[in-house]
Amino acid sequence: MAIIKPLRGITPKIGKNCFIAETAVIIGDVEIGDDCSIWYGAVLRGDVNSIRIGNRVNIQDNAVLHTTYQKTTIEVGDDVSIGHGVILHGAQVSRGALLGMGCTVMDNAKVGEGAIVAANALVLENTVVEPACVYAGVPARFVKKVAPELSRETNERIARNYLFYSGWYKDGDAK
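Residues numbered from 1 in each chain as written. Predicted model: local features only at pLDDT ≥ 70, side-chain atom pairs only at ≥ 80, totals over all residues. Heavy atoms only, no water.

## Some thoughts on the nonpolar core
Filter applied, for reference: Buried residues of nine kinds, namely Ala, Val, Leu, Ile, Met, Phe, Trp, Tyr and Cys, make up a nonpolar core once their side-chain atoms join them within 4.5 Å. Classification of residues uses two cut-offs on accessible area relative to the type maximum, computed with a 1.4 Å probe and protein chains only: under 20% is buried, over 50% is exposed, and between them is partly exposed. Strands here are runs of E lasting at least two residues and helices are runs of H or I lasting at least four, both read from the DSSP assignment and numbered beginning at the N terminus. Whether two residues are in contact is decided by their heavy atoms, any of which lying within 4.5 Å being enough.
Membership of the largest hydrophobic core comes to 39 residues, with the highest contact counts inside it found for L44, I53, I59, L65, I82, L88 and L99. Residue assignment for this core shows that the elements contributing at least two residues are β4 (25–32), β6 (43–53), β9 (74–76) and β19 (133–136). Excluding its chain neighbours within four sequence positions, the residues that come into contact with L65 are V43, L44, R45, I51, I53, I59, I74, I82 and L88.

Dropping the structure here:
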């Protein structure tokens, strides 16, 4: 059973039709929208400030979402994919964005709509990742612009796939 723990008088809120893996941890001031999936080993720690997750968001295995006390919050828009092992710390991620495996997005960074942060990239504090662009590297830098419709189609397909996969687990029959 997942750890869903109230803290400082605030109980996490989880929307309809969500899959929360047995080893996921959700603590404190966390609100998760509808049709989301929080995968194995993911930690959403709303102990020092708020975490707000939109609809149809997938937070994959071993991702960590945290904030800075009295300074930063996390806001994640609809149809976002947060890849395996991502660290998202006090940042904003707009609708339809994709955070690649192992990337880190630091305090007060803003990831634009339909943007892609490449695997293992480091998005420094206060960085603005432009909409429908790819950023990669350490520190993350602009790589290329992507047609907004292509970005939206690709990122929303990944989000839909994870909604589909989560159905296998919610039904209790991971075939």
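## Things to note about the side chain of S37
Rules: Pairs of N or O atoms are called polar contacts if they sit within 3.5 Å, as long as, within protein, a hydrogen donor faces a hydrogen acceptor (for residues adjacent in sequence, only side-chain-to-side-chain pairs).
Secondary-structure assignment places S37 in strand β5 (residues 37–38). With a relative accessible area of 2%, S37 lands in the buried category. Within the structure, S37 has its side chain in polar contact with the side chain of W39 (distance 2.8 Å). Each residue touching S37, except ones within four places of it in the same chain, is listed here: F19, V57, N58, I59, Y162 and S166.

## Considering the sheet that holds strand β3 (residues 19–20)
Note the threshold: Strands are labelled as partners when DSSP assigns at least two bridges between them.
Taken in spatial order, the eight strands of this open sheet run β3-β5-β7-β10-β13-β16-β19-β20, and their pairing is mixed. Of all the strands in the sheet, the pair left with one neighbour each is β3 and β20 (141–145). As paired strands, β5 and strand β7 (residues 58–59) are joined by two bridges and run parallel to one another. Bridging across to β7, S37 finds its partner in N58.

## So, the state of the cysteines
Selection rule: What counts as a disulfide here is a pair of cysteine sulfur atoms lying within 2.5 Å.
A complete count under the given rule lists zero disulfides for this structure. Not part of a disulfide, C36 finds its nearest cysteine sulfur in C18, a span of 4.7 Å. Taking the relative accessible area as the measure of exposure, C36 reaches 0% and is therefore buried. A disulfide-free cysteine, C133 has its sulfur positioned 16 Å from the sulfur of C103, the nearest such atom. Residue C133 is classed as buried on the basis of its relative accessible area of 1%.

## So, the pattern of salt bridges
Rule in force here: Whenever Lys or Arg places a side-chain nitrogen within 4 Å of a carboxyl oxygen from Asp or Glu, that contact is recorded as a salt bridge.
Taken as a whole and assessed by the stated rule, the structure comprises eight salt bridges. In this structure, R52 engages D29 in a salt bridge whose closest nitrogen and oxygen atoms are separated by 2.8 Å. One end of the pair, R52, is in strand β6; the other, D29, is in strand β4, with 23 residues separating them in the sequence. When the shortest N-O distance is used, the salt bridge between R95 and E156 registers 2.9 Å.

## Some points on the packing of aromatic side chains
Applied cut-off: Two aromatic rings from Phe, Tyr or Trp, using only the six-membered ring of Trp, form a pair when their centres are within 6.5 Å; if the ring planes differ by under 30 degrees the pair is stacked, by over 60 it is edge-to-face, and anything between is tilted.
The final tally for this structure, using the stated rule, is twelve aromatic pairs. Between W39 and Y169 the ring centres are 5.2 Å apart and the planes differ by 85 degrees, which places this aromatic pair in the edge-to-face class. Residue W39 is found in the loop between β5 and β6, and its partner Y169 is found in helix α1 (residues 148–170); the two are separated by 130 residues along the sequence. On the accessibility criterion, W39 (4% relative accessible area) is buried. Under the relative-accessibility criterion, Y169 is labelled partly exposed at 33%. Between the aromatic rings of Y135 and F142, the centroid separation amounts to 6.1 Å while the plane-to-plane angle is 80 degrees, which identifies the pairing as edge-to-face. Owing to a relative accessible area of 6%, Y135 belongs among the buried residues under this scheme. Given the relative accessible area of 43%, F142 is considered partly exposed. By way of ring pairs, the aromatic residues F19, W39, Y40, Y162, F164, Y165, W168 and Y169 are connected into one cluster.

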